[in-house]
Amino acid sequence: MELKFHIMGGDFSNAGSASSEIKRVLKQINVPSDIIKSIVVALYEAEVNIVAHAYEGDMVVDVQPDRLIAVLSDKGPGIPDIELAMQEGYSTASPKVREMGFGAGMGLPNIQKNTDILNISSTPGEGTKVSFTVFFKPKS
Amino acid sequence: METKYFHHALRVVENQCIGCTHCMKVCPTGAIRVIDGLARIDDNRCVDCGMCLRSCPLKAIIVEQDDFSRIFKYKHRVALIPAVLIGQFPEEAPTPLITSILYELGFNKVVEVETGVSLLKQAMEEYMSQKTHPHPLISSFCPAIVRLIQVRFPALVEHIMLLKPPLDITALAIRQELYKSGALDDEIGIFYVTPCAAKIAAIKSPVGDKESPVTGVINMDTMYNKIYRVIKAGKEDHCVVPENQPLEKMAIRWTLTHGEANNFEGRCLAIDEIHNVINFLEKIENEDITNIDFLELRACDQSCAGGVLVQGNRFLVRERLKNRARNEARKNNTGMAPLIADNQEYLMKHIGLEELQARPLIHLTGEPADALRKMDLARRALKCLPHLDCGACGTPSCEFLANDIAMGKASIKQCFYISRLLEKQGVLDPDEAFTTLCHIWGKDKIREERWNTHFQYLNELLDKENNPDK
């Protein structure tokens, strides 16, 4: 089952609404609550990244019986150095924004921590594509 | 078969319920359906918050209680009363008077529930200082909230503090005290005067505990009437009763909103009214809100002052309790009541709750692939529905109808709009549509003989509308 959402850059008041909708769906099909939590945290981070950095973007979530595959693609400035961006604590936020409690540089690392497969590709000046997979059963 | 987890105190009185759907629409867990003209409560979804009882225009939802005369089966008859009971009466009826009246009604000991609060506060501080518990910590005070988290927010169950509420602590202390004086188990009757349905349910099937130390419950509205009658009779001389140590200021305010949250270090928030609580927990669950240390969550607006069985106006009850707390504070009374202090060691040993279980709602049953197929069906059905959430189909909203259809528990014909549309298209037989209607609203309510009496007037109305100039 596929669910699509359009995300507007700068629309902080609606950030998180798509991940909440996915949470509702996953609860209804009885996905274990710890896995729902991981998925929601990853989706929320990815969603907020678009709101905070891009002009606009799309989130496509494919829910399968045993896994969830999310693809978030945006039109925006892109990430020049993905490896650097994946480091915990790395942030492009100004000290002023950091003082407000944002931009701790935990967004991408947090997505990595909560997903089983993660792919990020980006073209500076055009946009970023983040796709990840989470399996509903813990790897034994 | 789904396993039944909880005992419930809320009952639908069948000969009073007309299936009007008011309760169905306010239920925060979507536990109610109207079938054959009656509201039916799903035991596994209900958290005993009492919103349905509040919304019922016909008083067709009641809270079951123990018969008052049951207290006389016991040699030691203890009334365990919460501060909000006294808070309902005007200031002219002070605590000693109400205590006297309770003795005259047949009890031989009266204790305020909040007596155990001072000890609980210590235990909570200790619990909070242990860094191992996941934050935010959620108070276990309100049993409707504990159940709500078990069924709707299973991932947050581990945030609930595993400490007994004041009711259980005080009841345990009373039992211990009576044992010391040689009382036997079956001679002790501790009766709690409850402001809500959730407390009853919690006593009859305790969560996180094997057995409740409370023997029975009496509804606060019943007790209010009994006490009020005596006050109104204007008797001058009431029996003299042994005086309990007055409650501390903090204990008097404990059951009000902020009653817990105001006492602790760190970021402590108090949220009341169950829909507000749900909205907030959604955000906590998404990790949308973080860095909170403690949450005091109560199902009723104004907390226990707004309990479904409290007769007084909740804002006045709150005012009276605050005044009482202020007066007590002036007397500079602090410290633990002897009842608690003398049994402190025993109580601290038993203050913990066993681990709580999550009881997630079963939405769409079956294997993941099957659940996903049902989900897809539900989403497609929802697209066809009018999104009016009128409730006429017997489910709380179009979304619930769609889910019930996917689960095979409801028919698309239950929707009035769809049904009309299908009749117009010639694919639904009007008789069949009528049968579906009967299944929702009950045969009796729409049997033709009854409507025959209305038909004449209905015809007149139609005639008037069609010929406005006549």
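Residues take numbers from 1 onward in each chain, read along the sequence in its written order. Think of it this way: whatever chain is written first is A, whatever ligand is written first is 1, and the rest follow in order. In view of the model being predicted, local features appear only for residues whose pLDDT reaches at least 70, and side-chain atom pairs are presented and counted only at 80 or more, with totals across whole chains, interfaces and linings using the full set of residues. Values shown for side chains rest on all heavy atoms present in the structure; no hydrogens or waters enter the calculation.

Asks: Talk me through the overall build of chain B; I want residue IDs and the actual numbers.
Replies: Runs of H or I in DSSP of at least four residues are treated as helices and runs of E of at least two as strands, each being numbered from the N terminus. A count of helical and extended segments in chain B gives 19 helices and 11 strands. A principal-axis box enclosing the C-alpha atoms of chain B has dimensions of 80 × 55 × 45 Å. In chain B, which comprises 470 residues, the proportion classed as buried is 53%. Any pair of residues with heavy atoms lying within 4.5 Å of one another is described as a contacting pair. In chain B, of all internal contacts separated by at least 6 residues, the share reaching a separation of at least 24 is 78%. For the area figures, the Shrake-Rupley method with a 1.4 Å probe applies, and any residue is considered shielded solely by the protein chains shown. In the form shown here, chain B has an accessible surface area of approximately 22,700 Å², with 50% of it arising from carbon and sulfur atoms. Charge counting treats Lys and Arg as positive and Asp and Glu as negative, with His and both chain ends excluded. To locate a charge, take atom NZ for lysine, CZ for arginine, CG for aspartate or CD for glutamate. Between the centroid of the 57 positive side chains of chain B and the centroid of its 63 negative side chains there is a distance of 2 Å. Buried, partly exposed and exposed residues are distinguished by accessible area as a fraction of the type maximum, computed with a 1.4 Å probe on protein chains only: under 20%, between the cut-offs, and over 50%, respectively.

Asks: Kindly report on the domain arrangement of chain B, identifying the contributing residues and their values.
Replies: Residue and element names in this part refer to chain B. In this entry, domain limits derive from an automatic or database-based domain assignment. The domains assigned to chain B are domain 1 (10-63), domain 2 (68-350) and domain 3 (368-466). Using only C-alpha atoms to locate each centre, domain 1 and domain 3 end up separated by 20 Å. Each partner contributes to the interface: domain 1 provides 13 residues, whereas domain 3 provides 14 residues. Reported buried area values correspond to the accessible surface (1.4 Å probe) lost by two parts on association, with both partners' losses combined. Summing both sides of the interface, domain 1 and domain 3 together bury roughly 1,000 Å²; the carbon and sulfur share of this comes to 53%. The largest per-residue losses of area from domain 1 upon contact with domain 3 belong to M24, R33 and D36, which jointly make up 43% of the total buried on that side. Salt bridges, as used here, are contacts in which a Lys or Arg side-chain nitrogen is within 4 Å of a carboxyl oxygen on Asp or Glu. The interface formed by domain 1 and domain 3 contains 1 salt bridge. The partner of R33 in a salt bridge is D404, with the nearest N and O atoms 2.6 Å apart. Counted as a polar contact is a pair of N or O atoms within 3.5 Å, where, for protein atoms, one must be capable of donating a hydrogen and the other of accepting one, and residues adjacent in sequence contribute only when both atoms are in side chains. Seen at the junction of domain 1 and domain 3, the total is 6 residue pairs in polar contact (both at pLDDT 80 or more).

Asks: Got a sec to walk through the sheet that holds strand β5 (residues 76-81) of chain B? Specific residues and values, please.
Replies: All names here are of chain B. At least two bridges found by DSSP between two strands are what make those strands a pair. Taken in spatial order, the 4 strands line up as β6-β5-β8-β9 in an open sheet, and their pairing is parallel. For this open sheet the edge positions go to β6 (109-112) and β9 (216-219), each flanked by a neighbour on one side alone. Within this sheet the neighbouring strands show an average axis-to-axis angle of 25 degrees, counted without direction. Sheet topology places β5 next to β6; 4 bridges connect them, and they run parallel. From the neighbouring strand, V78 faces β6, where its bridge partner is K109. Between N-to-C directions, angles span 0 to 180 degrees; the directions come from axes that are lines fitted to C-alpha atoms, helices contributing only their stretch in contact.

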